[in-house]
Amino acid sequence: MFAGRRRLVFPIGAVLLILYLGYKLSVRRPEAGLWPEAQHPLHVNPKVLNDEDYFWRQIPTQYPVPPQSMRAFPQGPPVALPKIQAEFPQETTSDRKLRLQRQAAVRSAFQRCWDAYVKHAWLQDEVTPLSASSKNTFGGWGATLVDSLDTLCIMGLRQEFDEAVTAVAANISFETSSLTEINVFETTIRYLGGFLAAYDLSGDPRLLQKAREVGDMLYVAFDTPNHMPITRWELGRATSGGKQQAAEWALVAEIGSLCMEFTRLSLITNDQKWFSAAENIMLALQKQQMETKLPGLWPISMVALSGGLLPHYGDMYTEAMKTAIKYNFFRPMVPDSADILVSGIARTSTENGKPSVTVETQGQHLVCFAGGMLAIGGKLLNESGHLTTARKLVDGCIWAYENMPLGIMPEVFWMAPCDSDSDCPWDEKKWMQAVLERAGADKYDIDSAADLIKERRLPPGFTDIPDKRYVLRPEAIESVFIMYRTTGDPRLLEAAWAVFEAIQAVTKTDIANSAVADVTVASPAEVRQTDSMESFWMGETLKYFYLVFSEPDLISLDEWVFNTEAHPFRRLLP
Ligand SMILES: *[C@@H]1O[C@H](CO)[C@@H](O)[C@H](O)[C@H]1NC(C)=O
Ligand SMILES: *[C@@H]1O[C@H](CO)[C@@H](O)[C@H](O)[C@H]1NC(C)=O
């Protein structure tokens, strides 16, 4: 009798165990974000790493780098860096349920767009979300396909991912382009970054091969007298053996940002040429820094990526942030006196022979990355002041979303600065005056101010909105995501969800999502969609929305570092 019962207990126990494990796995799988293969050392064919016959390696070098100028990644074990992510308490069942619902909503938004891309624009750069056609904007190598690879992986869309990788391997060739001129920066962050991240997540050697191929192509853009890259590069000229010359100056964000992808590629392939090229840029920028004070995300990302083995990047970040905190950020005067910051534009000029700095009190959606950058920098370098500033910057971006009629921040807006950072009461008259000033009026007149506010549809606090578009950009949700992972503050989840719903309400089309012309109109019905969906919508924006509603250990900031295009690379860890 007793034995009989026990016999029964065992199968029941086994069934329960299997159900439990099945449940765990089914819950974990979409959240796992890594294929099991990626965890094991892979056999990568040496030919993949070093194919001397490859097209771009056959182009004769015009300006060889002398051996003594070749730099190698520092030897030695990576340094332990401070933890970036907060400790997250155990979630309640209802919190978890809500979070997973939101996560599923983001995933299905992505799935719709992916299906539209597959159906209407397969292997092209972008799907056009209103006309259901395609266009090529970034070299014609399937920008959306490559930018979305790691998102497919992170969202657990295995079948779509496998089909995508097969197409990448069979159908994308970097030997020619459908465009005459390519943008070296965009090609690096989208294609090279996309392949490297997808490789780091999946371990599929076909992706490493593509990364190396696009890396070999980009390396030719560095074949100039000073070994600085040509940022707008004509492939045809390079393949026909013409001499190339790099511009004297290039956007810092552009060339600085190449360092991450090039360093990661060298670390994976053990071929130092890319790292060496990136260091060459870095040294030039470091030399310039004392003259120009350049802020940027990439120095701090390089600290994380390199496991602390490139300390000069930490110094560059610290120097740049001193300047940014002093000059770029301002507290705007807003009706609820919210204690927020906006990152403006510092302009330097010379007055009476003395250099002076003024801040243009305009905010840009693009610059919303700054809060996330300072949060990571503050954690890695133990600068608590950076964390405080970071939070105010992120709150500033959220504030700008919340206080627009549709709940979406425009591309560019102006605000009136507070007189003091500590105390900033709302003063309507002062706001109206600032509106008039922005419009170039020379005297105060309440009626014309009111007319301007109505005509320009300015919500209280905003003094001008010169670019009213929303183009599906990721920077606000990027820094909300980072702030959430570094603080664990649940209010950020609510903010993220509000932003997601607002964006869906106005950008959703019959097949995908579209950029919109004007977010100052009163209702979603009045919004004009402009038939454009850049690859960063699926590569970045939806990825960050998904990650915000995922378990905090999915792409933990203590193991991964994101490039400019939201592609996560594995960090070197001790
Ligand atoms: C992709 O490559 C495969 C294999 O070479 C080929 O059969 C297929 O037609 C290609 N598809 C496109 C759209 O080029
Ligand atoms: C971080 O800085 C604080 C002071 O600002 C100090 O008390 C603390 O020990 C530092 N932590 C580390 C890990 O260096």
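What you see is a predicted model, and the numbers here were worked out from it, not measured in a lab.

Asker: Any chance you could explain the environment of Gly241 here in plain terms?
Answerer: The topology assignment puts Gly241 in the loop between helix H8 (235-239) and helix H9 (252-269). Measuring from C-alpha to C-alpha, the distance between Gly241 and Thr61 comes to 8.7 Å, with 180 residues separating the pair along the chain.

Asker: I tried to follow helix H18 (residues 491-507) on my own but got confused; where do I start?
Answerer: Each α-helix turn comprises 3.6 residues. Residues three or four places apart therefore point the same way. With 17 residues, H18 should reach 24 Å at 1.5 Å per residue; the first-to-last C-alpha distance of 24 Å fits that figure. Counting buried positions along H18 yields 12 of 17 residues, so the element is predominantly enclosed. Looking at H18, one finds that the buried residues are Leu492, Leu493, Ala495, Ala496, Trp497, Val499, Phe500, Ala502, Ile503, Gln504, Val506 and Thr507. Buried-residue contacts for H18 involve helix H3 (93-121), helix H14 (384-402), helix H17 (475-487) and helix H19 (536-548).

Asker: I would appreciate a short explanation of the pattern of salt bridges in the present structure.
Answerer: One side chain can pair with another of opposite charge once the charged atoms of both are near each other. Counted by the stated rule, this structure contains 32 salt bridges. With a closest N to O distance of 3.8 Å, Arg190 and Glu565 form a salt bridge. On the criterion of sequence distance, the pair formed by Arg190 in helix H6 (residues 184-202) and Glu565 in the loop between strand S12 (560-562) and strand S13 (568-570) is long-range, its members being 375 residues apart. With a relative accessible area of 3%, Arg190 lands in the buried category. Residue Lys322 pairs with Glu319 through a salt bridge whose shortest N-O separation is 3.2 Å. Taken as a pair, Lys322 and Glu319 lie in helix H12 (residues 311-328) at a separation of three residues, close to a single helical turn. Assessed through its relative accessible area of 53%, Lys322 is described here as exposed.

Asker: Explanation requested: unusual backbone geometry in the structure shown.
Answerer: Excluding glycine, residues mostly have negative phi values, and the peptide bonds linking residues are mostly trans. For Asp531, which is not glycine, the phi dihedral falls at a positive 65°. Checked against the element boundaries, Asp531 lands in the loop between H18 and H19. A positive phi is found at Ala566, a non-glycine position, where the angle reads about 65°. Turning to its location among the elements, Ala566 is positioned in the loop between S12 and S13.

Asker: Help me understand the sheet that holds strand S10 (residues 412-415) in this model?
Answerer: By definition, the strands of a sheet pair up through backbone hydrogen bonds, in either a parallel or an antiparallel sense. Here three strands make up an open sheet; going across it, the order is S9-S10-S11 and the pairing antiparallel. If you trace the sheet from one side to the other, it starts and ends with strand S9 (362-364) and strand S11 (462-467), each paired once. Direction aside, the axes of adjacent strands within the sheet are offset by 25° on average. Relative to S11, S10 runs antiparallel, the two sharing three bridges. Bridge pairing links Met415 to Phe462 in S11. Across the sheet, helix H15 (residues 428-438) is in contact with S10 and S11; its angle to S11 comes to roughly 35°.

Asker: Just to check I follow, could you spell out the UniProt feature "binding site: Ca(2+)" (unreviewed entry) in the chain for this structure?
Answerer: Here, the residues flagged by UniProt with the feature "binding site: Ca(2+)" (unreviewed entry) are Thr564. Positionally, Thr564 belongs in the loop between S12 and S13. Accessibility expressed as a relative area gives 33% for Thr564, which makes it partly exposed. With near-sequence residues (within four places) excluded, Thr564 lies in contact with Phe185, Ile189, Ser257 and Glu540.

Asker: How should I be thinking about the packing of H14 against H18 in this particular structure?
Answerer: Geometrically, a packed helix pair is captured by the angle between its two axes and the distance between the axes. Relative orientation of the contacting elements H14 and H18 amounts to 35°, with a least axis distance of 11 Å. For the pair H14 and H18, the crossing hand works out as left-handed. Facing Arg391, Val394, Ile398 and Tyr401 of H14, the residues of H18 in contact are Arg491, Leu492, Ala495, Val499 and Ile503. By residue class, the composition of the contact of H14 with H18 is seven nonpolar, no polar and two charged.

Asker: Would you explain the pairing of strand S8 (residues 354-360) in this entry?
Answerer: Sheet faces and side chains relate simply in a regular strand, where the side chains alternate between the two faces. Both strand S7 (residues 345-351) and S8 contribute to a ladder of seven bridges, which runs antiparallel. Bridge pairing in S8 links Ser349 to Ser356.

Rules and cut-offs
Each chain carries its own residue numbering, running from 1 in the direction its sequence is written. Labels follow written order: the first chain is A, the first ligand is 1, and so on. Local features in this predicted model are restricted to residues whose pLDDT is 70 or higher, and side-chain atom pairs enter the listing and the counts only when it is 80 or higher, whereas totals over whole chains, interfaces and linings include all residues. Computation of side-chain values: all heavy atoms of the structure, hydrogens and water removed. We count a stretch as a helix when DSSP gives it H or I for four or more residues in a row; a strand needs E for two or more, and each element gets its number in order from the N terminus. Helix span, as expected, comes to 1.5 Å for every residue beyond the first. Here's how the labels work: a residue is buried when its accessible area is under 20% of the maximum for its type, exposed when over 50%, partly exposed in between, all with a 1.4 Å probe on protein chains only. Note on contacts: a residue pair qualifies if any of its non-hydrogen atoms lie within 4.5 Å across the two residues. The salt bridge definition used is simple: a Lys or Arg side-chain nitrogen within 4 Å of an Asp or Glu carboxyl oxygen. We call two strands paired when DSSP finds no fewer than two bridges between them. Each axis is a line fitted through C-alpha atoms, taken for helices only over the stretch in contact, and angles between the N-to-C directions span 0 to 180 degrees. UniProt positions are given in the numbering used here, feature names are shortened, and annotations may be inferred rather than shown by experiment. For a crossing to be left-handed, the near helix must be turned anticlockwise from the far one by less than a right angle; the clockwise case is right-handed. By the convention adopted, Pro, Cys, Tyr, Trp, Phe, Met, Ile, Leu, Val and Ala count as nonpolar, Lys, Arg, Asp and Glu as charged, and the other residues, Gly among them, as polar.

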